[in-house]
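Breakdown of the fold
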Amino acid sequence: MVKFLKQKTFVFCFCMVLVSCTSAPYRYDFSLVEPSNETMSFQDSGVKFRFIPSPERIQVIIKNTTDHDINLVRERAEYVDSAGKSNRIHYGYNYIQEVRNFSELYKRSVPPLIIEPDTEIAGFVWLNKWPELSAGYYDRNSIQEYMLSYLMEPFFPRSSFEGKGEDLKGTAFKLILPIDFGGYVARYAFVFRINDVSD
């Protein structure tokens, strides 16, 4: 399996070198439509969210505006694509570390992320493609970091080499972020629209 990944990575890198000279990157225009907000943010009495989407990942800043700890329930967070398919996600600042924690430290689950009163956390959302990554039997530690980086799947095509980004114009996707307030869990759902795609 590791040998296969090495070969696949080499082919991918070689193709990217060839394509980089001829394939311009797509530029996406996103908007938050549910709840509608031009600044890509949302706030209620307990929490504030800010979003910066991109084809590779979605930056999410979460602020606790209460006087007690709250928790981001990462195990129940999800990304729903334009076709309605639900996907697990990683949330953090380092993709490699999040994948390793998920697969090794947390045994394919993730603990809640504590947000203290009047503080905020900032991180990125990536697709969690563990089922695809775990095909076959091999030692996860034997896979080098550059292989894991290659296996990081973007949300949307970054150039025409990866797919037809123009076909996504007008489509929507959803990000679901459950917050545990100590006595109840609020399931925050945010719908984003891809207004335009250009190159």
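Described in the following lines is the structure provided in the data block.

Definitions and cut-offs
- Residues numbered from 1 in each chain as written.
- Predicted model: local features only at pLDDT ≥ 70, side-chain atom pairs only at ≥ 80, totals over all residues.
- Heavy atoms only, no water.
- Phe/Tyr/Trp six-rings, centres within 6.5 Å; stacked < 30°, edge-to-face > 60°.
- Buried < 20%, exposed > 50% of the residue type's maximum accessible area, 1.4 Å probe, protein only.
- Lys NZ or Arg CZ within 6 Å of the ring centre and 35° of its normal.
- Salt bridge = Lys/Arg side-chain N within 4 Å of Asp/Glu carboxyl O.
- Helix = DSSP H or I, 4+ residues; strand = E, 2+ residues; numbered from the N terminus.
- Pairing = 2+ DSSP bridges.

On to the packing of aromatic side chains. Inspection of every chain in the model, using the stated rule, returns 22 aromatic pairs. Between F181 and Y184, the ring centres sit 5.2 Å apart and the planes meet at 20 degrees, which makes this aromatic pair stacked. Plain terms: the ring middles of Y188 and F190 are 6.4 Å apart, the flat faces sit at 10 degrees to each other, and that makes the pair stacked. Comparing Y188 with F190, the two get one shared label, buried. Positioned above the aromatic ring of F124, the side-chain terminus of R57 is 3.8 Å from the ring centre.

Turning next to the pattern of salt bridges. Across all of its chains, the model carries seven salt bridges by this definition. Among the ionic pairs, R158 bridges to E162, the shortest N-O distance being 2.6 Å. Given the relative accessible area of 26%, R158 is considered partly exposed. We classify E162 as partly exposed; its relative accessible area is 28%.

This brings us to unusual backbone geometry. The omega torsion of the bond from E34 to P35 falls at -10 degrees, within 30 degrees of zero and hence cis. One can find P35 in the loop between β1 (27-34) and β2 (36-37). A positive phi angle, close to 55 degrees, is found at M40, a residue other than glycine. A positive phi is found at D118, a non-glycine position, where the angle reads about 55 degrees. Structurally, D118 is set in the loop between β9 (113-115) and β10 (120-127). For D118, a relative accessible area of 56% translates into the label exposed.

With burial as the criterion, only one face of strand β4 (residues 47-53) is covered, namely that bearing V47, F49, F51 and P53; the residues K48, R50 and I52 on the opposite face remain uncovered. Direction of pairing for strand β3 (residues 41-43) relative to β4: antiparallel, over a ladder of three bridges. Following the sheet pairing, Q43 is matched in β4 by K48. Here β3 folds back onto β4, and the loop between the two strands holds three residues. Relative to strand β5 (residues 58-64), β4 runs antiparallel, the two sharing seven bridges. Within β5, the residue paired with F49 across the bridge is I62. The hairpin turn running from β4 into β5, its antiparallel successor, is four residues long.

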